[in-house]
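Residue-level structure breakdown
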Amino acid sequence: MRKIAMLGSGFIADFYTMSIHGLRSRDKVISVYARSQEKGEKFARKWNIPKVFTDMAAAIYDSDIDTVVIGLPNFLHKEAVLLAAEAGKAVLCTKPLGMNAKDAKEILDAVEKAGVFHGYLEDLVYTPKTQKALQYIRSGALGTPMWARSRETHPGPHSDWFWDSNLSGGGAIIDLACHCIEITRNYIGKDIRPVEVVCWADTLMKPIEAEDNAVGLIRYENGALAQFEVSWTFRGGLDLRDEVSGTEGSMRLDNFLRTGFEIFTAAGSEGYVSEKSEADKGWIFPVGDEVHELGYNNMFADMFDAIENGTACQETFYDGYIVNAIMDACYKSVKTKRWEPVELEIWRGKTNVAKMSTLKDYDEHHWFVKEEVMPDGSVKIILKEKSSNKIVQRWKNF
Ligand SMILES: NC(=O)c1ccc[n+]([C@@H]2O[C@H](COP(=O)([O-])OP(=O)(O)OC[C@H]3O[C@@H](n4cnc5c(N)ncnc54)[C@H](O)[C@@H]3O)[C@@H](O)[C@H]2O)c1
(Lines give C-alpha, C1' and ligand atoms only; values in the text may rest on other atoms or scores of the structure.)
Protein backbone atom coordinates (compact mmCIF):
# COMPACT_ATOMS: atom_id res chain seq x y z
CA MET A 1 0.00 0.00 0.00
CA ARG A 2 1.31 3.45 -0.90
CA LYS A 3 0.57 6.27 1.53
CA ILE A 4 0.57 9.42 -0.54
CA ALA A 5 0.91 13.15 -0.01
CA MET A 6 -0.73 14.91 -2.96
CA LEU A 7 0.91 18.26 -3.60
CA GLY A 8 -1.60 20.52 -5.30
CA SER A 9 -5.38 20.51 -5.34
CA GLY A 10 -6.00 21.63 -8.91
CA PHE A 11 -6.79 19.96 -12.22
CA ILE A 12 -4.12 17.25 -12.31
CA ALA A 13 -4.30 16.52 -8.56
CA ASP A 14 -7.98 15.74 -9.14
CA PHE A 15 -7.26 13.29 -11.98
CA TYR A 16 -4.36 11.67 -10.11
CA THR A 17 -6.47 11.17 -6.96
CA MET A 18 -9.40 9.86 -9.01
CA SER A 19 -7.07 7.31 -10.56
CA ILE A 20 -5.26 6.33 -7.33
CA HIS A 21 -8.43 5.94 -5.30
CA GLY A 22 -10.33 4.24 -8.06
CA LEU A 23 -7.66 1.83 -9.22
CA ARG A 24 -6.17 -0.15 -6.36
CA SER A 25 -8.08 0.47 -3.18
CA ARG A 26 -4.93 -0.38 -1.19
CA ASP A 27 -3.27 2.93 -2.21
CA LYS A 28 -4.46 6.00 -0.39
CA VAL A 29 -3.95 9.73 -0.61
CA ILE A 30 -3.35 10.48 3.08
CA SER A 31 -2.82 14.21 2.74
CA VAL A 32 -3.20 17.11 0.36
CA TYR A 33 -1.04 20.23 0.25
CA ALA A 34 -2.81 23.39 -0.90
CA ARG A 35 -1.99 27.06 -0.46
CA SER A 36 -5.26 27.78 1.31
CA GLN A 37 -6.79 25.68 4.10
CA GLU A 38 -10.21 26.19 2.54
CA LYS A 39 -9.19 24.80 -0.86
CA GLY A 40 -7.32 21.94 0.78
CA GLU A 41 -10.36 21.02 2.88
CA LYS A 42 -12.65 21.12 -0.14
CA PHE A 43 -10.33 18.73 -2.00
CA ALA A 44 -9.96 16.52 1.10
CA ARG A 45 -13.74 16.28 1.53
CA LYS A 46 -14.23 15.37 -2.11
CA TRP A 47 -11.68 12.52 -1.99
CA ASN A 48 -12.02 11.48 1.65
CA ILE A 49 -8.46 12.52 2.51
CA PRO A 50 -7.70 12.68 6.25
CA LYS A 51 -5.06 15.44 6.36
CA VAL A 52 -4.67 18.94 4.91
CA PHE A 53 -1.39 20.89 4.88
CA THR A 54 -0.73 24.47 3.85
CA ASP A 55 3.03 24.01 4.42
CA MET A 56 4.67 21.98 1.64
CA ALA A 57 7.63 20.79 3.72
CA ALA A 58 5.35 19.63 6.54
CA ALA A 59 3.29 17.60 4.05
CA ILE A 60 6.42 15.95 2.66
CA TYR A 61 8.11 15.24 6.02
CA ASP A 62 4.89 13.88 7.58
CA SER A 63 5.73 10.38 8.89
CA ASP A 64 2.31 9.05 7.84
CA ILE A 65 3.25 9.21 4.15
CA ASP A 66 5.87 7.36 2.09
CA THR A 67 5.21 8.72 -1.42
CA VAL A 68 5.00 12.28 -2.71
CA VAL A 69 2.99 13.03 -5.86
CA ILE A 70 3.68 16.47 -7.35
CA GLY A 71 0.78 18.16 -9.14
CA LEU A 72 2.00 21.74 -8.71
CA PRO A 73 2.75 24.42 -11.32
CA ASN A 74 6.04 23.92 -13.18
CA PHE A 75 8.04 26.51 -11.23
CA LEU A 76 7.46 24.56 -8.00
CA HIS A 77 8.57 21.11 -9.20
CA LYS A 78 12.21 21.57 -8.24
CA GLU A 79 11.50 22.84 -4.73
CA ALA A 80 9.06 19.98 -4.11
CA VAL A 81 11.39 17.25 -5.46
CA LEU A 82 14.40 18.53 -3.51
CA LEU A 83 12.35 18.44 -0.30
CA ALA A 84 11.08 14.92 -1.04
CA ALA A 85 14.63 13.69 -1.76
CA GLU A 86 15.87 15.27 1.47
CA ALA A 87 13.02 13.60 3.37
CA GLY A 88 13.87 10.22 1.76
CA LYS A 89 10.40 9.77 0.21
CA ALA A 90 9.55 8.12 -3.11
CA VAL A 91 8.64 10.97 -5.45
CA LEU A 92 6.50 11.09 -8.58
CA CYS A 93 6.43 14.34 -10.53
CA THR A 94 4.10 15.50 -13.27
CA LYS A 95 5.38 16.86 -16.58
CA PRO A 96 7.49 18.82 -17.43
CA LEU A 97 10.10 17.70 -14.91
CA GLY A 98 11.87 21.08 -14.84
CA MET A 99 11.48 24.57 -16.27
CA ASN A 100 14.57 23.68 -18.39
CA ALA A 101 17.31 21.03 -18.59
CA LYS A 102 19.45 22.71 -15.91
CA ASP A 103 16.55 22.45 -13.46
CA ALA A 104 15.80 18.88 -14.52
CA LYS A 105 19.45 17.83 -14.07
CA GLU A 106 19.46 19.25 -10.51
CA ILE A 107 16.23 17.37 -9.83
CA LEU A 108 17.66 14.10 -11.21
CA ASP A 109 20.93 14.52 -9.30
CA ALA A 110 19.04 15.11 -6.05
CA VAL A 111 16.90 11.94 -6.22
CA GLU A 112 19.82 9.78 -7.37
CA LYS A 113 22.06 11.11 -4.61
CA ALA A 114 19.33 10.51 -2.03
CA GLY A 115 18.61 7.05 -3.52
CA VAL A 116 14.85 7.59 -3.53
CA PHE A 117 12.42 6.12 -6.08
CA HIS A 118 11.49 8.58 -8.83
CA GLY A 119 8.76 8.35 -11.46
CA TYR A 120 8.11 10.85 -14.25
CA LEU A 121 4.32 11.12 -14.56
CA GLU A 122 4.11 11.09 -18.37
CA ASP A 123 0.63 9.61 -18.61
CA LEU A 124 0.39 9.70 -22.40
CA VAL A 125 2.91 6.92 -22.92
CA TYR A 126 0.69 4.82 -20.65
CA THR A 127 -2.58 5.13 -22.61
CA PRO A 128 -3.96 1.65 -23.37
CA LYS A 129 -3.49 2.27 -27.10
CA THR A 130 0.10 3.52 -26.71
CA GLN A 131 1.04 0.58 -24.48
CA LYS A 132 -0.37 -1.85 -27.07
CA ALA A 133 1.32 0.06 -29.89
CA LEU A 134 4.67 -0.18 -28.06
CA GLN A 135 4.22 -3.96 -27.78
CA TYR A 136 3.86 -4.10 -31.59
CA ILE A 137 6.93 -1.92 -32.04
CA ARG A 138 9.01 -4.03 -29.63
CA SER A 139 7.93 -7.27 -31.30
CA GLY A 140 9.28 -5.91 -34.60
CA ALA A 141 5.87 -5.76 -36.32
CA LEU A 142 6.78 -2.40 -37.86
CA GLY A 143 10.47 -3.10 -38.42
CA THR A 144 12.69 -0.16 -37.48
CA PRO A 145 10.69 3.01 -36.77
CA MET A 146 11.96 5.69 -39.18
CA TRP A 147 9.50 8.48 -38.44
CA ALA A 148 7.19 9.10 -35.50
CA ARG A 149 4.71 11.95 -35.33
CA SER A 150 2.77 13.12 -32.32
CA ARG A 151 0.21 15.89 -32.09
CA GLU A 152 -1.34 17.51 -29.04
CA THR A 153 -3.54 20.50 -29.67
CA HIS A 154 -6.34 22.15 -27.68
CA PRO A 155 -7.84 25.61 -27.10
CA GLY A 156 -5.36 26.51 -24.34
CA PRO A 157 -4.72 25.71 -20.68
CA HIS A 158 -7.12 26.20 -17.80
CA SER A 159 -5.05 28.26 -15.26
CA ASP A 160 -3.32 31.64 -15.21
CA TRP A 161 0.19 30.42 -14.39
CA PHE A 162 0.45 28.31 -17.64
CA TRP A 163 0.18 31.54 -19.67
CA ASP A 164 3.04 33.26 -17.81
CA SER A 165 6.35 31.84 -19.05
CA ASN A 166 8.14 33.02 -15.88
CA LEU A 167 6.03 30.49 -13.98
CA SER A 168 5.71 27.77 -16.61
CA GLY A 169 9.04 27.94 -18.49
CA GLY A 170 7.44 28.60 -21.90
CA GLY A 171 4.25 28.13 -23.88
CA ALA A 172 2.81 25.28 -25.93
CA ILE A 173 6.23 23.62 -26.28
CA ILE A 174 6.94 23.18 -22.56
CA ASP A 175 3.28 22.37 -21.85
CA LEU A 176 2.41 20.01 -24.70
CA ALA A 177 5.52 19.09 -26.73
CA CYS A 178 6.93 17.43 -23.59
CA HIS A 179 4.22 14.76 -24.08
CA CYS A 180 4.82 14.41 -27.83
CA ILE A 181 8.59 14.21 -27.42
CA GLU A 182 8.37 11.38 -24.89
CA ILE A 183 5.74 9.50 -26.92
CA THR A 184 7.87 9.61 -30.08
CA ARG A 185 11.03 8.81 -28.06
CA ASN A 186 9.30 5.64 -26.84
CA TYR A 187 8.43 4.68 -30.43
CA ILE A 188 11.88 5.38 -31.86
CA GLY A 189 13.64 3.76 -28.90
CA LYS A 190 14.65 5.44 -25.67
CA ASP A 191 18.17 4.05 -26.04
CA ILE A 192 18.70 5.96 -29.30
CA ARG A 193 20.27 9.36 -28.74
CA PRO A 194 18.37 12.49 -29.85
CA VAL A 195 21.00 14.45 -31.76
CA GLU A 196 19.56 17.71 -33.07
CA VAL A 197 16.31 19.61 -33.51
CA VAL A 198 14.79 22.26 -35.69
CA CYS A 199 11.68 24.04 -34.48
CA TRP A 200 9.23 26.69 -35.58
CA ALA A 201 7.12 28.45 -32.97
CA ASP A 202 5.02 31.58 -33.00
CA THR A 203 2.40 33.48 -31.05
CA LEU A 204 -0.46 33.51 -33.51
CA MET A 205 -3.55 34.40 -31.52
CA LYS A 206 -3.17 34.85 -27.76
CA PRO A 207 -1.97 38.06 -26.03
CA ILE A 208 1.05 36.37 -24.43
CA GLU A 209 4.84 36.46 -24.73
CA ALA A 210 5.22 32.68 -25.10
CA GLU A 211 4.47 30.57 -28.19
CA ASP A 212 0.91 29.37 -28.69
CA ASN A 213 1.80 27.12 -31.66
CA ALA A 214 4.89 25.10 -32.58
CA VAL A 215 6.13 22.36 -34.90
CA GLY A 216 9.41 20.59 -34.27
CA LEU A 217 11.62 17.92 -35.80
CA ILE A 218 14.02 15.82 -33.72
CA ARG A 219 16.71 13.80 -35.48
CA TYR A 220 17.95 10.67 -33.73
CA GLU A 221 21.40 9.10 -34.08
CA ASN A 222 20.09 6.15 -36.16
CA GLY A 223 18.56 8.58 -38.66
CA ALA A 224 14.99 8.30 -37.34
CA LEU A 225 12.93 11.47 -37.20
CA ALA A 226 10.39 12.54 -34.61
CA GLN A 227 7.89 15.28 -35.36
CA PHE A 228 5.64 17.16 -32.96
CA GLU A 229 2.78 19.56 -33.57
CA VAL A 230 1.38 21.49 -30.62
CA SER A 231 -1.17 24.25 -30.28
CA TRP A 232 -2.98 26.28 -27.65
CA THR A 233 -5.31 27.73 -30.28
CA PHE A 234 -6.86 24.59 -31.80
CA ARG A 235 -10.65 24.77 -31.59
CA GLY A 236 -12.94 21.86 -30.83
CA GLY A 237 -11.36 19.92 -27.98
CA LEU A 238 -8.24 17.95 -27.12
CA ASP A 239 -6.70 16.32 -30.16
CA LEU A 240 -4.14 13.60 -29.37
CA ARG A 241 -2.86 11.73 -32.40
CA ASP A 242 0.23 9.70 -33.16
CA GLU A 243 1.66 8.03 -36.24
CA VAL A 244 4.64 5.75 -36.70
CA SER A 245 6.21 4.69 -39.95
CA GLY A 246 8.64 1.77 -39.83
CA THR A 247 10.64 -0.21 -42.36
CA GLU A 248 8.03 -3.02 -42.23
CA GLY A 249 4.80 -1.26 -41.33
CA SER A 250 2.95 1.80 -40.18
CA MET A 251 0.53 2.72 -37.44
CA ARG A 252 -1.82 5.55 -36.52
CA LEU A 253 -3.56 6.19 -33.22
CA ASP A 254 -6.31 8.54 -32.11
CA ASN A 255 -6.05 8.73 -28.32
CA PHE A 256 -8.78 11.32 -27.72
CA LEU A 257 -11.49 13.36 -29.44
CA ARG A 258 -12.17 11.17 -32.50
CA THR A 259 -11.98 7.74 -30.94
CA GLY A 260 -15.08 6.25 -32.51
CA PHE A 261 -17.44 7.46 -29.75
CA GLU A 262 -19.59 10.27 -31.16
CA ILE A 263 -22.95 11.55 -29.94
CA PHE A 264 -25.28 14.07 -31.54
CA THR A 265 -27.46 15.89 -29.02
CA ALA A 266 -29.85 18.68 -29.90
CA ALA A 267 -30.96 18.81 -26.27
CA GLY A 268 -27.41 19.23 -24.92
CA SER A 269 -25.65 17.37 -22.11
CA GLU A 270 -24.93 20.26 -19.72
CA GLY A 271 -21.37 20.82 -18.63
CA TYR A 272 -18.22 18.74 -18.76
CA VAL A 273 -17.97 16.29 -21.66
CA SER A 274 -14.24 15.46 -21.68
CA GLU A 275 -10.97 17.36 -21.15
CA LYS A 276 -10.87 20.66 -23.10
CA SER A 277 -14.09 19.91 -25.02
CA GLU A 278 -15.74 23.14 -26.20
CA ALA A 279 -19.30 21.97 -26.81
CA ASP A 280 -21.94 20.08 -24.86
CA LYS A 281 -24.48 20.26 -27.69
CA GLY A 282 -24.53 19.11 -31.33
CA TRP A 283 -21.85 16.56 -32.12
CA ILE A 284 -19.93 15.75 -28.94
CA PHE A 285 -17.04 13.35 -28.31
CA PRO A 286 -17.23 11.87 -24.81
CA VAL A 287 -14.62 9.50 -23.41
CA GLY A 288 -15.65 6.17 -21.91
CA ASP A 289 -13.20 6.15 -18.99
CA GLU A 290 -11.07 9.27 -19.06
CA VAL A 291 -8.60 8.36 -16.29
CA HIS A 292 -7.90 5.05 -18.00
CA GLU A 293 -7.86 6.30 -21.59
CA LEU A 294 -5.43 9.10 -20.68
CA GLY A 295 -3.07 6.54 -19.14
CA TYR A 296 -3.29 7.54 -15.46
CA ASN A 297 -4.29 4.04 -14.26
CA ASN A 298 -1.53 2.18 -16.11
CA MET A 299 0.95 4.86 -15.03
CA PHE A 300 0.28 4.64 -11.28
CA ALA A 301 0.05 0.83 -11.42
CA ASP A 302 3.47 0.68 -13.12
CA MET A 303 5.04 3.09 -10.65
CA PHE A 304 3.56 1.66 -7.44
CA ASP A 305 4.35 -1.90 -8.56
CA ALA A 306 7.92 -0.80 -9.30
CA ILE A 307 8.30 0.77 -5.83
CA GLU A 308 7.01 -2.41 -4.18
CA ASN A 309 9.00 -4.82 -6.34
CA GLY A 310 12.22 -2.78 -6.29
CA THR A 311 12.22 -2.58 -10.10
CA ALA A 312 12.45 0.36 -12.51
CA CYS A 313 9.31 1.99 -13.83
CA GLN A 314 8.85 2.87 -17.50
CA GLU A 315 9.31 6.63 -17.04
CA THR A 316 11.86 8.06 -14.62
CA PHE A 317 13.30 11.51 -13.91
CA TYR A 318 16.11 10.61 -16.30
CA ASP A 319 13.48 10.57 -19.08
CA GLY A 320 12.14 13.89 -17.82
CA TYR A 321 15.65 15.32 -18.04
CA ILE A 322 16.09 14.13 -21.67
CA VAL A 323 12.73 15.70 -22.59
CA ASN A 324 13.72 19.02 -21.01
CA ALA A 325 17.05 18.97 -22.90
CA ILE A 326 15.23 18.39 -26.20
CA MET A 327 12.84 21.26 -25.44
CA ASP A 328 15.76 23.57 -24.58
CA ALA A 329 17.21 22.83 -28.02
CA CYS A 330 13.78 23.56 -29.57
CA TYR A 331 13.61 26.97 -27.89
CA LYS A 332 17.12 27.73 -29.12
CA SER A 333 16.24 26.67 -32.67
CA VAL A 334 13.13 28.90 -32.66
CA LYS A 335 15.46 31.86 -32.10
CA THR A 336 18.32 30.87 -34.44
CA LYS A 337 16.06 29.30 -37.13
CA ARG A 338 18.68 26.54 -37.48
CA TRP A 339 19.18 22.91 -36.49
CA GLU A 340 20.48 22.99 -32.90
CA PRO A 341 22.24 20.16 -31.06
CA VAL A 342 20.55 18.44 -28.11
CA GLU A 343 23.01 19.07 -25.31
CA LEU A 344 23.03 16.19 -22.83
CA GLU A 345 25.26 16.18 -19.78
CA ILE A 346 24.17 12.59 -19.10
CA TRP A 347 23.45 9.94 -21.72
CA ARG A 348 22.73 6.34 -20.66
CA GLY A 349 21.63 4.85 -23.97
CA LYS A 350 23.57 3.39 -26.90
CA THR A 351 26.54 5.23 -28.33
CA ASN A 352 27.98 5.34 -31.87
CA VAL A 353 24.81 3.97 -33.44
CA ALA A 354 25.08 3.65 -37.21
CA LYS A 355 22.44 5.12 -39.49
CA MET A 356 19.81 2.50 -40.26
CA SER A 357 20.66 0.48 -43.37
CA THR A 358 18.50 1.12 -46.39
CA LEU A 359 20.00 -1.55 -48.66
CA LYS A 360 18.03 -4.76 -49.27
CA ASP A 361 19.42 -7.39 -51.63
CA TYR A 362 17.20 -8.44 -54.55
CA ASP A 363 19.75 -10.67 -56.26
CA GLU A 364 23.49 -10.77 -56.81
CA HIS A 365 23.37 -7.75 -59.15
CA HIS A 366 20.54 -5.62 -57.74
CA TRP A 367 19.35 -3.79 -54.66
CA PHE A 368 15.58 -3.95 -54.09
CA VAL A 369 13.73 -0.61 -54.21
CA LYS A 370 10.02 -1.54 -54.32
CA GLU A 371 7.32 -3.80 -55.76
CA GLU A 372 3.78 -2.77 -56.76
CA VAL A 373 0.71 -4.45 -58.24
CA MET A 374 -0.47 -2.29 -61.16
CA PRO A 375 -4.14 -1.74 -62.18
CA ASP A 376 -3.76 -4.29 -65.03
CA GLY A 377 -2.61 -6.97 -62.57
CA SER A 378 1.04 -6.88 -63.53
CA VAL A 379 3.65 -6.67 -60.79
CA LYS A 380 6.30 -4.06 -61.27
CA ILE A 381 9.63 -4.25 -59.46
CA ILE A 382 11.98 -1.28 -59.12
CA LEU A 383 15.64 -2.20 -58.65
CA LYS A 384 19.02 -0.51 -58.43
CA GLU A 385 21.97 -2.02 -60.27
CA LYS A 386 24.85 -2.59 -57.88
CA SER A 387 27.54 -2.02 -60.48
CA SER A 388 26.20 1.16 -62.10
CA ASN A 389 23.84 2.57 -59.38
CA LYS A 390 21.25 2.85 -62.19
CA ILE A 391 17.53 2.52 -61.31
CA VAL A 392 15.72 -0.03 -63.50
CA GLN A 393 12.28 -1.68 -63.57
CA ARG A 394 11.15 -5.24 -64.25
CA TRP A 395 7.76 -6.96 -64.54
CA LYS A 396 6.92 -10.11 -62.63
CA ASN A 397 4.27 -12.66 -63.80
CA PHE A 398 3.34 -10.77 -66.97
N1 LIG B 1 -1.63 15.10 -18.49
C2 LIG B 1 -0.76 15.63 -17.69
O3 LIG B 1 0.25 15.03 -17.45
C4 LIG B 1 -1.02 16.97 -17.07
C5 LIG B 1 -2.24 17.64 -17.30
C6 LIG B 1 -2.43 18.88 -16.69
C7 LIG B 1 -1.45 19.44 -15.91
N8 LIG B 1 -0.25 18.77 -15.74
C9 LIG B 1 0.83 19.37 -14.93
O10 LIG B 1 0.41 19.41 -13.56
C11 LIG B 1 0.92 20.54 -12.93
C12 LIG B 1 -0.24 21.34 -12.31
O13 LIG B 1 -1.13 21.69 -13.34
P14 LIG B 1 -2.71 21.78 -13.10
O15 LIG B 1 -3.35 21.61 -14.41
O16 LIG B 1 -3.14 20.88 -12.00
O17 LIG B 1 -2.81 23.29 -12.65
P18 LIG B 1 -3.93 23.93 -11.74
O19 LIG B 1 -3.75 25.40 -11.85
O20 LIG B 1 -5.26 23.34 -12.02
O21 LIG B 1 -3.52 23.46 -10.27
C22 LIG B 1 -2.30 23.83 -9.68
C23 LIG B 1 -2.34 23.62 -8.19
O24 LIG B 1 -1.18 24.24 -7.61
C25 LIG B 1 -1.57 25.26 -6.72
N26 LIG B 1 -0.68 26.42 -6.84
C27 LIG B 1 -0.67 27.36 -7.79
N28 LIG B 1 0.28 28.27 -7.53
C29 LIG B 1 0.86 27.89 -6.40
C30 LIG B 1 1.87 28.45 -5.59
N31 LIG B 1 2.51 29.58 -5.93
N32 LIG B 1 2.22 27.80 -4.47
C33 LIG B 1 1.58 26.67 -4.12
N34 LIG B 1 0.59 26.09 -4.85
C35 LIG B 1 0.24 26.71 -5.96
C36 LIG B 1 -2.98 25.64 -7.11
O37 LIG B 1 -3.68 26.20 -6.06
C38 LIG B 1 -3.52 24.28 -7.52
O39 LIG B 1 -3.85 23.52 -6.40
C40 LIG B 1 1.72 21.31 -13.98
O41 LIG B 1 3.08 21.00 -13.88
C42 LIG B 1 1.16 20.78 -15.29
O43 LIG B 1 2.11 20.84 -16.35
C44 LIG B 1 -0.06 17.55 -16.27
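Starting from 1, residues in each chain are numbered consecutively following that chain's sequence as written. Local features in a predicted model are, by the rule used here, given only for residues with pLDDT of at least 70; side-chain atom pairs are given and counted only at 80 or more, and totals for whole chains, interfaces and linings are based on all residues.

A short note on the domain arrangement of the chain
Under the domain assignment used here, the chain contains domain 1 (3-123), domain 2 (125-296 + 305-341) and domain 3 (361-396). Per the annotation, domain bounds derive from an automatic or database assignment of domains. Between the C-alpha centres of domain 1 and domain 2 there is a distance of 23 Å. It is the C-beta atoms, placed from the backbone, that decide contacts: two residues are in contact if theirs lie within 7 Å. Each partner contributes to the interface: domain 1 provides 29 residues, whereas domain 2 provides 29 residues. Here a helix means four or more residues in a row that DSSP labels H or I, a strand means two or more in a row labelled E, and each is numbered from the N terminus. The set of elements that each furnish at least two residues to the side of domain 1 that touches domain 2 consists of α1 (11-23), α5 (101-114) and β6 (118-121). In terms of residue class, the side of domain 1 that touches domain 2 is built from 17 nonpolar, eight polar and four charged. When residues are sorted by character, Ala, Val, Leu, Ile, Met, Phe, Trp, Tyr, Cys and Pro go into the nonpolar class, Asp, Glu, Lys and Arg into the charged class, and all the rest, Gly among them, into the polar class.

A short note on the sheet that holds strand β18 (residues 379-385)
What the four strands build is an open sheet, ordered β16-β17-β18-β19; its pairing is antiparallel. Each of the sheet's edge strands pairs with one partner strand only, and the pair in question is β16 (361-363) and β19 (391-396). In this sheet, adjacent strand axes meet at a mean angle of 45 degrees when their direction is disregarded. Where strand β17 (residues 366-373) meets β18, seven bridges bridge the pair, whose relative direction is antiparallel. Paired with K370 across the strands is I382, a residue of β18. By this definition, two strands are paired if DSSP reports at least two bridges between them. Only the stretch in contact is used when fitting a helix axis, every axis being a line fitted to C-alpha atoms; angles between N-to-C directions are given from 0 to 180 degrees.

Some details on unusual backbone geometry
The residue after K95, namely P96, is reached through a cis peptide bond having omega -15 degrees. Mapped onto the secondary structure, P96 falls in the loop between β5 (90-94) and α5. Located in the positive-phi region is N352, a residue other than glycine, with phi close to 50 degrees. Along the chain, the position of N352 falls in the loop between β15 (340-341) and β16. Exposed residues have 12 or fewer other C-beta atoms within 10 Å of their own C-beta, buried residues have 20 or more, and residues in between are partly exposed; the C-beta atoms are placed from the backbone. For N352, a count of 6 C-beta atoms within 10 Å translates into the label exposed. Not every positive phi belongs to a glycine, and N389 is a case in point at roughly 65 degrees. Position of N389 relative to the elements: it lies in the loop between β18 and β19. Residue N389 is classed as exposed on the basis of its C-beta count, with 8 C-beta atoms lying within 10 Å.

Focus on the pairing of strand β10 (residues 225-231)
With five of its seven residues buried, β10 lies for the most part within the structure. In the sheet, strand β7 (residues 145-153) pairs with β10 via seven bridges, with the strands oriented parallel. Looking across to β10, one finds that R149 is bridged to Q227. Inspection of the sheet shows strand β9 (residues 213-220) paired to β10 by seven bridges, in the antiparallel sense. Directly across from G216, in β10, lies its bridge partner F228. Two successive antiparallel strands, β9 and β10, enclose a turn made up of four residues, where G223 displays a positive phi of approximately 95 degrees.

Thoughts on the site of the ligand
With respect to spatial proximity, 19 residues lie near the ligand, and among them G8, G10, F11, I12 and S159 are the closest. Split into classes, the residues belonging to the shell around the ligand amount to nine nonpolar, seven polar and three charged. Here is the check we use: build the C-beta atom from the backbone, and if it is within 6 Å of the molecule or strand, call the residue near.

Observations regarding the nonpolar core
A general trend in soluble globular proteins is that nonpolar side chains are found buried together. When buried Ala, Val, Leu, Ile, Met, Phe, Trp, Tyr and Cys residues are joined through C-beta atoms within 7 Å, the set is termed a nonpolar core. Ranked by internal contacts, the top residues of the largest apolar core, which has 98 residues, are L7, V91, A177 and I326. The biggest single contributor to this core is helix α11 (residues 317-336), with 12 residues. Lining this core are residues from two domains, each supplying at least three of them: domain 1 (3-123) and domain 2 (125-296 + 305-341). Leaving out residues up to four positions away in the same chain, I326 has contacts with I181, P194, V197, I218 and V342.

Remarks on the packing of helix α8 (residues 172-188) against α11
Two elements in contact, α8 and α11, have axes whose closest approach is 10 Å; the angle formed by their N-to-C orientations is 120 degrees. With respect to α11, the axis of α8 lies oblique. As α8 packs across α11, the resulting crossing turns out to be right-handed. Two secondary-structure elements touch here, α8 through I173, I174, A177, C178, I181 and E182 and α11 through D319, V323, I326, M327, C330 and Y331. Taken together, the residues of the contact of α8 with α11 sort by class into 10 nonpolar, no polar and two charged. Geometric relationships in this document are graded by angle, where less than 35 degrees denotes roughly parallel, more than 145 denotes roughly antiparallel, 65 to 115 denotes roughly perpendicular, and other angles denote oblique. Throughout, a crossing is termed right-handed when the near helix is turned clockwise from the far one, and left-handed when it is turned anticlockwise from it by less than a right angle.

A look at the environment of G249
In this structure, G249 sits in the loop between β11 (239-246) and β12 (250-254). Remark: the alpha-carbon pair of G249 and G143, spanning 106 residues in sequence, is separated by 6.6 Å.

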